[in-house]
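Each chain, written out:
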Amino acid sequence: MKNISVLGSTGSIGTQTLEIVRANNDLKVVALAAGSNIEKLEEQIREFAPLLVCVFNEAAAKELADKVSDLDVKVVSGMEGLIEAATIDEAEIVVTAFVGMIGIKPTLEAIKAKKDIALANKETLVTAGHLVMPLAKENNVKILPVDSEHSAIFQSLQGNEMNKIDKILLTASVEDALKHPNWAMGQKITIDSSTMVNKGLEVIEAKWLFNVGLDDIQVVVQPQSLIHSMVQYEDGGIIAQLGTPDMKLPIQYALYYPERKYLAGDRVDFEQISEISFEKPDLDNFKGLRLAYSAAKRSDEKAKEDPFFGDSMPTVFNAANEKAVAMFLNREIGYLDIADTIEYCMDRHEVILEVEKWVYEMIEEKYK
């Protein structure tokens, strides 16, 4: 029996994780956490009987506590509650499925508590990869990617860990906003996929997960969502992970790694596939991806000067995107304004960094 904690249990990844638990009798949910969807959370509590539940919204947590007062479950709230759900003694692995930077601190605390991490929160590595990966190594904790592309890369590395990677080929499927045909995702992630900001976040994430340079990560558009990503080795050989677009596969692989278990669902029928095509991403029209590379390169340059702190540009990129997408979904800005907003913030952050550099130079010159 493996005990798991699910942070973000009412979202897309969280509900699919619980589908896997439902289909297997050797997984036990010991903690759940959600933002404010107490109706869905109550259903999950009554089905999976966790020991602890966190609702980030304090008022919603009190309402939920009243609803489940007939059950033996502890209800907590806020960031302290999230951390409690992430570090609960009984959990062996924590699924971090919250969207946004809210997932960073609980993940770090879970690592300190020596919990393996099934990572579905991009922001954790995008903004804090320089903290997360060394901490995981120090605590002998596995960071198991749940994103389909990073899971595909991870799977393609199995048995080849000692061989030199020549290139990571990160696939993308570009479709209209909120009409993505192959993946069941939340609104923000769907928008991020259509702007290719999501792919930019994945590039930065892959850099940290697989310890490669930005120049060793190539994004290729693969419209059929059949090849989920590939690894090219120094002898020119390429290993790819293929499958139907079903997020339950990478979730289950992370939960049971290194074991593969039966998973119900559609299978690829190669007799029905007329083509597998690839395209080069258009960095002019998909400015979000270009800006992500720019943010990551700026971070690498800054890290050479200050290896511990690195640079805050990926955080600016991520935070600006979060706010811009929220404004778009509220009809406050247009779709094309999302990337422009990110660029606006990054440009002004560059100005701040130049001012910082000038101040440091002035102080050094004064005390020469």
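Note that the coordinates shown come from a computational prediction; the quantities given were computed from them, not determined experimentally.

Thresholds, definitions, all that
- Residues numbered from 1 in each chain as written.
- Predicted model: local features only at pLDDT ≥ 70, side-chain atom pairs only at ≥ 80, totals over all residues.
- Heavy atoms only, no water.
- Salt bridge = Lys/Arg side-chain N within 4 Å of Asp/Glu carboxyl O.
- Helix = DSSP H or I, 4+ residues; strand = E, 2+ residues; numbered from the N terminus.
- Pairing = 2+ DSSP bridges.
- Axes fitted to C-alpha atoms, helices over the stretch in contact; angles between N-to-C directions.
- Contact = heavy atoms within 4.5 Å.
- Phe/Tyr/Trp six-rings, centres within 6.5 Å; stacked < 30°, edge-to-face > 60°.

Undergrad: Can you explain the pattern of salt bridges? Please cite residues and give values.
TA: Across all of its chains, the model carries 17 salt bridges by this definition. The salt bridge involving E19 is made with K248; its shortest N-O contact spans 3.5 Å. Taken together, the positions of E19 in helix α1 (residues 12–23) and K248 in helix α10 (residues 248–256) put the pair 229 residues apart, joining distant regions of the chain. Measuring nitrogen to oxygen at the nearest pair gives 2.5 Å for the salt bridge that ties D340 to K287.

Undergrad: Go over the sheet that holds strand β4 (residues 74–77) with me, naming the residues and quoting the values.
TA: Taken together, the seven strands give an open sheet; going across it, the order is β4-β3-β2-β1-β5-β6-β7, and neighbouring strands pair in parallel fashion. Two strands bound the open sheet, and with one partner strand each, they are β4 and β7 (143–145). Adjacent strand axes in the sheet meet at a mean angle of 20°, parallel and antiparallel pairs treated alike. Note that strand β6 (residues 116–119) and β7 share three bridges and pair parallel. Opposite I117, over in β7, you have I143 as the bridge partner. Where helix α3 (residues 58–67) meets the sheet, its contacts fall on β3 (52–55) and β4, and the angle it forms with β4 comes to roughly 170°.

Undergrad: Can you explain the packing of aromatic side chains? Please cite residues and give values.
TA: If you walk through the whole model with that rule in mind, you get four aromatic pairs. Relative to Y253, the ring of F154 lies with its centre 6.2 Å away and its plane at 70°, an arrangement referred to as edge-to-face. Here F154 is found in helix α7 (residues 148–157), whereas its partner Y253 is found in helix α10, with 99 residues between them in sequence. Ring geometry for F154 versus Y257: centroids 5.0 Å apart, planes at 50°, classification tilted. Here Y257 lies in the loop between α10 and α11 (287–305) and F154 lies in helix α7, a separation of 103 residues in the sequence.

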